[in-house]
Every structure is written in structure tokens, then in C-alpha cells.
Amino acid sequence: MSEHLPNHDCNNFIKKVFLVLDGELPDNDRKLFIQDIERCKGCLEHYDIEKSFKDFINAKFDRKSCSKELKKEIITKISQLQAT
Ligand SMILES: [Zn+2]
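A. Summary view of the nonpolar core. In terms of nonpolar packing, the biggest core is built from nine residues, these being Val 17, Val 20, Leu 21, Cys 43, Tyr 47, Ile 49, Phe 53, Phe 56 and Ile 74. Counting only elements with at least two residues in this core, the list comes to α1 (10-21) and α4 (50-63). Of the residues forming this core, the biggest block, three residues, is contributed by α1. Among residues more than four places away in sequence, those in contact with Leu 21 are Lys 71, Ile 74 and Ile 75.

This is the structure we're talking about:
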């Protein structure tokens, strides 16, 4: 439990997912974002991207690069759900 985190907002969370995928979230925000993931696993589960997204984040944080295929896969899954 952390008191310093902003309120979790599921819609805002998905926006941040896109920022992270694009590498546009600053390092500091990324740390908060990771904590946010832990707080609302429902978000990732809902979009069925929990595993792929964590792989993506781990890979990105380690190597500062990401797999285009994984990024595409995550975006496709989110878009499909948002379209319905
Ligand atoms: Zn959520």
C-alpha cells in the first residue's frame, strides 16, 4: 500500500499503456506505472495482455528496446476490445 500514488483510473491506465509502448513515459512515471499494474491487475486481465505486457516492460527496462511484434500484439488486443 502506498499513499503517494495517484488514484488508479482504468481508462487513464490504458492511455499510459500506449505511452509506455511508445516509449514516451518518463522513467519516473514508469515506476509509478509498474506499481499501478500491481494495484489493478484487472486492467491487464481485462485486456488479456497481462503476460505480454509484463514481458514487454521487463524487456524494455532491461534493454531499453522493445519487440515490435509484442507491441503490435498488445495494441491489437486493446483495440479489438475497445472496438466492441
Ligand atoms: Zn484498472
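From this point, the narrative continues.
B. Molecular detail of unusual backbone geometry. Backbone geometry at Asp 48 places phi at a positive 60°, although glycine is not the residue there. Structurally, Asp 48 is set in the loop between α3 (41-46) and α4. In this structure Asp 48 comes out as partly exposed when scored by C-beta crowding, with 14 C-beta atoms within 10 Å.

C. Quick look at the confidence of the model for the protein. Residues with a pLDDT of 70 or more make up 83% of the protein, whose mean pLDDT is 78. Ranking the elements of the protein by mean pLDDT puts α4 last with 73 and α1 first with 85.

D. View of the packing of α1 against helix α5 (residues 68-83). With their axes 11 Å apart at the nearest point, α1 and α5 run at an angle of 160° to one another. Classed by the angle they form, the pair α1 and α5 counts as roughly antiparallel. In the packing of α1 onto α5, the handedness of the crossing is left-handed. On the side of α1, the interface is formed by Ile 14, Val 17 and Leu 21, while α5 contributes Lys 71, Ile 74, Ile 75 and Ile 78. The residue inventory of the contact of α1 with α5, partitioned by class, reads six nonpolar, no polar and one charged.

Analysis parameters
- Residues numbered from 1 in each chain as written.
- Predicted model: local features only at pLDDT ≥ 70, side-chain atom pairs only at ≥ 80, totals over all residues.
- Core = buried A, V, L, I, M, F, W, Y, C linked by C-beta atoms within 7 Å.
- Buried ≥ 20, exposed ≤ 12 C-beta atoms within 10 Å, placed from the backbone.
- Helix = DSSP H or I, 4+ residues; strand = E, 2+ residues; numbered from the N terminus.
- Contact = placed C-beta atoms within 7 Å.
- pLDDT = per-residue confidence, 0-100.
- Axes fitted to C-alpha atoms, helices over the stretch in contact; angles between N-to-C directions.
- Parallel < 35°, antiparallel > 145°, perpendicular 65-115°, else oblique.
- Left-handed = near helix turned anticlockwise from the far one by under 90°.
- Nonpolar A, V, L, I, M, F, W, Y, C, P; charged D, E, K, R; others polar.

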